[in-house]
Amino acid sequence: GELGRTRQAGATAKMIVYAGAAKTDYEICEAVGIGATIVVERPEELPIIAAAASAQGIEANVLLRLRPDVDAHTHHHLTTGTSRSKFGMPEKMVRQILAGCAHPQIVIGGVHFHIGSQIDSPECTAQAMNIALPIIDEFDLRTLDIGGGFPVWYEEEGSAPKPDEFASLVYDKIGNRDLRLIIEPGRSIVANAGILVATVMSVEYGRDDQDMPWRTVTCDTGMADLIRPMLYNAVHQIWPLEKAAPELIPTSVAGPYCESTDFLGRDLLNLPTLSRGDKLVIMHAGAYGRAKASNYNGNLIGPELMVNANRSIQEIPERQSFG
């Protein structure tokens, strides 16, 4: 679906690098037809690409996705470059394809890797480049796609490596090579561009077995709207829409869905006294929020509002309904 969305957004073929772990024949033919650069994840894709290029009388530009067996030291559900990952091919297989692929209408332009999301150290990217660059040198390739993984700091305190820390290391590794460098910085651009607003439906107080107080705030927004906390134990800052002194009771923010894991945050200490109708803001929801939202439990995905530079508010896209 991303290829179709990209075309709707007006991207030209030269701007599109099309990746995916299980591309269908139809998707490959479409990508070849529009002239996108295709990231080959498995050798089984090559004859389909060749047939599509031959049938359409054009060349297909491809990159080979290398699985460099590098641990990005991130959450195990976000790691994509280790030996048992479903993504890409081991170094030996990439070399075999480069040595043996002779189809005249397939142009192998370079190597792609993506070792994971939320990479907390540029050194992990450097390790992957140590595997990719010798391949590029040996086979005289001209493109290196280092994927993404640039982190966003979701929690209130601390910091993530800055883009220039990655840039300095990457350019040091490239040296005087004449390469086209591709990066995929998605999350680091859009995460802070969106927030999720929830409305409080109920508040419950209690005490645990050690007689320590707790509070559960249940909202109209939860895992079907932002699945990251349930899926990765991800932490998102949650703040009241209006400033108020905090009520220092460990507070869990629950959603409305019929799952015990439906919590947006647990044991928070920054929330004030709350009651039905109050608003909470879940931060950093611009990445993997709306894109992973679902209609679970018959949920209608909530409206998405864009605040323009002139502070006008625009609803995008059309609101879901049962009508």
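Whatever comes next refers back to the structure up there.
Here is what the cut-offs are and how they apply
- Residues numbered from 1 in each chain as written.
- Predicted model: local features only at pLDDT ≥ 70, side-chain atom pairs only at ≥ 80, totals over all residues.
- Heavy atoms only, no water.
- Salt bridge = Lys/Arg side-chain N within 4 Å of Asp/Glu carboxyl O.
- Helix = DSSP H or I, 4+ residues; strand = E, 2+ residues; numbered from the N terminus.
- Pairing = 2+ DSSP bridges.
- Contact = heavy atoms within 4.5 Å.
- Axes fitted to C-alpha atoms, helices over the stretch in contact; angles between N-to-C directions.
- Buried < 20%, exposed > 50% of the residue type's maximum accessible area, 1.4 Å probe, protein only.
- Polar contact = N/O pair within 3.5 Å; in protein donor to acceptor, adjacent residues only side chain to side chain.
- Right-handed = clockwise from strand over helix to strand, strands pointing away.
- Parallel < 35°, antiparallel > 145°, perpendicular 65-115°, else oblique.
- Left-handed = near helix turned anticlockwise from the far one by under 90°.

Would you take a moment to explain the pattern of salt bridges for this structure?
Any two side chains of opposite charge can pair, on the condition that their charged atoms come close. Under the criterion given, the structure shown has 11 salt bridges. Note that E45 is salt-bridged to K23, the shortest N-O span being 3.0 Å. One end of the pair, E45, is in helix α3 (residues 45-56); the other, K23, is in the loop between β1 (17-18) and α2 (25-34), and 22 residues separate them in sequence. By sharing partners, the salt bridges in this structure join E91, R95 and E138 into a single network.

Got a minute to help me understand the sheet that holds strand β3 (residues 60-65) in this structure?
Strand pairing in a sheet is mediated by backbone hydrogen bonds. Such pairs are either parallel or antiparallel. With respect to topology, six strands assemble into an open sheet ordered β1-β2-β3-β4-β5-β6, the strand pairing being parallel. Each of the sheet's edge strands pairs with one partner strand only, and the pair in question is β1 and β6 (180-182). By the bridge criterion, three bridges tie strand β4 (residues 106-112) to strand β5 (residues 143-145) in an arrangement that is parallel. Paired with G110 across the two strands is T143, which belongs to β5. In the packing of helix α5 (residues 122-138) onto the sheet, contacts are made with β4 and β5, and the angle to β5 comes to roughly 160°.

Explanation requested: the environment of S294 in the structure shown.
For S294, the location among the structural elements is in the loop between β12 (279-282) and β13 (305-307). For S294, a relative accessible area of 28% translates into the label partly exposed. Sequence separation between S294 and D225 is 69 residues; the distance between their C-alpha atoms is 6.7 Å. Non-local contacts of S294, meaning those with residues more than four positions away in its chain, are made with A224, N299 and I301. One polar contact links the side chain of S294 to the main-chain amide nitrogen of Y296, over a distance of 3.3 Å.

I would appreciate a short explanation of the pairing of strand β2 (residues 37-40) in the present structure.
Two faces, one strand: in a regular strand the side chains alternate between the faces of the sheet. Alternating residues of β2 divide into T37 and V39 and I38 and V40, and every residue in both groups is buried. For β1 and β2, the ladder comprises two bridges, and the chain directions are parallel. Counted as the bridge partner of Y18 is I38 from β2. For the crossover from β1 across α2 to β2, the handedness is right-handed. Of the strand pairs in this sheet, β2 and β3 are connected by three bridges, and their pairing is parallel. Within β3, the residue paired with I38 across the bridge is V62. Read as a crossover between parallel neighbours, the route from β2 over α3 to β3 is right-handed.

Can you help me understand the packing of α5 against helix α6 (residues 163-174) in this one?
Working note: a packed helix pair is described by the angle between its axes plus the distance between those axes. Taken N-terminus to C-terminus, the directions of α5 and α6 make an angle of 20°; their axes are 10 Å apart at the nearest point. Here α6 runs roughly parallel to α5, going by the angle between their axes. Note that α5 runs across α6; the crossing there is right-handed. On α6, the residues touching P122, E123, T125, A126, M129, N130 and L133 of α5 are E165, F166, L169, V170, K173 and I174.

Keep in mind that these numbers describe shape and distance, not what the molecule does.
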